[in-house]
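Results of the structural survey
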Amino acid sequence: VYTRAPVGIAGLAGVRKLVTVSTRVYTGVLPVVAPAKSVPARVSAVIGLAAFETLITRMEALAASNPRAYRRRVFGMAILGYGYLLLVAATLLTLCAILLVGIAYRHVIAVQLLFAVGSPLLLVLRSLWVTLEPPAGERLTRAMVPDLFQMLDGLRSRLDTPRIHRVLLTPDFNAGVMQVPRIGLLGWYRSYLFIGLPLMKSLTVEQFQAVLAHELGHLSGGHARSGNWIYRLRLIWQRLDAAFAQT
């Protein structure tokens, strides 16, 4: 329960006021999240538990010994995954166009084939359009906490990071950044910075500034955007797998 007086960040008057006010907002016991299973059920069913663990061990060793090679491999596989999906979609679109020409010439078989080709095409196109929900939290503005935004402005200038569109306060013992695309695969990202109230109350000003610098560094290096890109690909394949399993 977070009802005690704020500590650790007394050097920032605006942030101190924020914590004092927000303590009333987030008073209560933080939710307990059950630990996720280490191996997804479908992954275990497809390649087997032993093979999956061997793969993870090999990838962890590669990431530790040669991070650049590991990143190249990950992005190469991601590009291959997107490329394969786009190739399938383009092939099905071409077949649909050919069948539409056949329908124009009143070929009955073309109508039947169009339904057979159009159904998987719709599944692929629907799976490609993945939307990511922005993080939840209480939005902070420059008028509410000018000291915090002044600190962020200084860090952004030194780290050369893109604009932060939303700063959110959360009840989690955590901090992070997230970039959410406005138009799916085409990008146009909106950047979110979320800061946990319990974390803020446990840090000194210098420590808090170091945490912010670490999170903004992800934006500077493009980590959040690339991570979302790969995460979106995984969601696409999961949705395709579920859709074809139901048909």
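Scope of this entry: the structure provided in the associated data block. As the structure is a computational prediction, the values presented were derived from the model and not from experiment.

1. Side note on the overall build of the protein
- Scanning the protein from N- to C-terminus turns up nine helices and four strands.
- Reading the protein from its N end, one meets helices and strands in the order α-α-α-α-α-β-α-β-β-β-α-α-α.
- When burial is assessed residue by residue, the protein has 34% of its 247 residues classed as buried.
- Restricting to contacts in the protein with at least 6 residues of sequence separation, those with at least 24 account for 72%.

2. A closer look at the environment of Asn66
- Following the sequence through the fold, Asn66 ends up in the loop between helix H3 (49-65) and helix H4 (67-104).
- Of the polar contacts made by the side chain of Asn66, one reaches the backbone nitrogen of Ala69; its length is 3.2 Å.

3. Things to note about the pairing of strand S4 (residues 189-196)
- The buried fraction of S4 amounts to seven of the eight residues, a majority that puts the element mostly inside the structure.
- Bridge count between strand S2 (residues 166-170) and S4: five bridges; the pairing is parallel. Note on S4: the bridge partner recorded for Arg166 is Tyr192.
- Sheet topology places strand S3 (residues 175-181) next to S4; seven bridges connect them, and they run antiparallel. Bridge pairing in S4 places Met178 opposite Tyr192.

4. Here's the deal with the environment of Arg126
- Among the structural elements, Arg126 can be located in helix H5 (residues 108-128).
- Considered as a pair, Arg126 and Ile236 are 110 residues apart in the sequence and their alpha carbons are 8.9 Å apart.

5. A short note on the pattern of salt bridges
- Tallied over the full model, the rule gives one salt bridge.
- When the shortest N-O distance is used, the salt bridge between Asp153 and Arg142 registers 2.8 Å. Pair noted here: Asp153 is in helix H6 (residues 146-159) and Arg142 is in the loop between strand S1 (138-140) and H6, with a separation of eleven residues, a long-range link.
- Given a relative accessible area of 31%, Asp153 falls into the partly exposed group.

6. Quick look at the packing of H3 against H4
- Axis separation between H3 and H4 bottoms out at 5 Å; the angle between their running directions is 130°. Here H3 lies oblique to H4, going by the angle between them. Touching Met59, Leu62, Ala63, Ala64 and Ser65 of H3 are Pro67, Ala69, Tyr70 and Arg73, all from H4.
- In terms of residue class, the contact of H3 with H4 is made up of seven nonpolar, one polar and one charged.

7. A few points about the nonpolar core
- Leu148, Val167, Leu193, Ile195, Phe208 and Leu212 are the most contacted members of the largest nonpolar core, which has 23 residues in total.
- Taken together, the elements giving at least two residues each to this core come down to H6, S2, S3, S4, helix H7 (197-201) and helix H8 (205-221).
- Not counting residues within four places of it along the chain, the set of residues in contact with Leu193 comprises Leu152, Ile164, Arg166, Val167, Leu168, Gly176, Val177, Leu212 and Glu215.
- In terms of nonpolar packing, the next biggest core, distinct from the first, is built from nine residues, Ala89, Leu233, Ile236 and Leu240 among them.

8. Details of the pairing of S2
- Within S2, four of the five residues are buried, which leaves the element mostly enclosed by the surrounding structure.
- Relative to S2, S1 runs antiparallel, the two sharing three bridges. By the bridge assignment for S2, Arg139 is matched with Leu168.

9. Points about H6
- For H6, spanning 14 residues, the distance from its first C-alpha to its last is 20 Å, which sits close to the expected 20 Å at 1.5 Å a residue.
- Buried residues of H6: Leu148, Phe149, Met151, Leu152 and Leu155, and no others. Looking straight down H6, one finds its buried side chains confined to an arc of 155°; they lie on one side. Facing away from the buried surface of H6 by more than 90 degrees, the exposed residues are Gln150, Ser157 and Arg158.
- Where H6 ends, the next residue or the one after it, Asp160, has phi of about 55°, a positive value.

10. Re unusual backbone geometry
- One non-glycine residue, Asp160, lies in the positive phi region at around 55°.
- Considering the arrangement of structural elements, one finds Asp160 in the loop between H6 and S2.

11. Focus: the sheet that holds S2
- Read across the open sheet, the four strands follow the order S1-S2-S4-S3; overall the sheet is mixed. The open sheet has two free edges, formed respectively by S1 and S3, since each of these has just one partner strand. On average, adjacent strands in this sheet sit at an angle of 30° to one another, irrespective of strand direction.
- Taken strand by strand, H6 contacts S1, S2 and S4, and its axis lies near 125° from that of S2.

Cut-offs applied
For every chain, the first residue of the written sequence is number 1, and numbering continues from 1 along that sequence. Thresholds applied to this predicted model are a pLDDT of at least 70 for local features of residues and 80 or more for the giving and counting of side-chain atom pairs; totals over whole chains, interfaces and linings are not thresholded and use all residues. Where side-chain values are given, they derive from all heavy atoms of the structure, hydrogens and water being excluded. The secondary structure listing takes helices from DSSP runs of H or I that are at least 4 residues long and strands from runs of E that are at least 2 residues long, numbered from the N terminus. Only protein chains enter the area calculation, which uses a 1.4 Å probe; residues under 20% of their type maximum are buried, those over 50% are exposed, and those in between are partly exposed. Whether two residues touch is decided by their heavy atoms; if any such pair falls within 4.5 Å, the residues are in contact. Think of a polar contact as two N or O atoms within 3.5 Å of one another; within protein, one of them needs to be a possible hydrogen donor and the other a possible acceptor, and neighboring residues in sequence only count if both atoms come from side chains. If DSSP finds at least two bridges between two strands, the strands pair. When a carboxyl oxygen of Asp or Glu is within 4 Å of a side-chain nitrogen of Lys or Arg, the pair counts as a salt bridge. Axes here refer to lines fitted to C-alpha atoms; in helices the fit is confined to the stretch in contact. Angles between the N-to-C directions go from 0 to 180 degrees. Working rule for angles: under 35 degrees goes down as roughly parallel, over 145 as roughly antiparallel, 65 to 115 as roughly perpendicular, anything else as oblique. Only Asp, Glu, Lys and Arg are considered charged, only Ala, Val, Leu, Ile, Met, Phe, Trp, Tyr, Cys and Pro nonpolar, and every remaining residue, Gly among them, polar. Throughout this description, the term nonpolar core refers to a set of buried Ala, Val, Leu, Ile, Met, Phe, Trp, Tyr and Cys residues connected via side-chain atoms within 4.5 Å. Residue count minus one, scaled by 1.5 Å, sets the expected span of a helix. Taking the helix axis as origin, the arc is that swept by the directions to the C-beta atoms.

It is worth stressing that arrangement in space is one thing and function is another; only the former is reported here.
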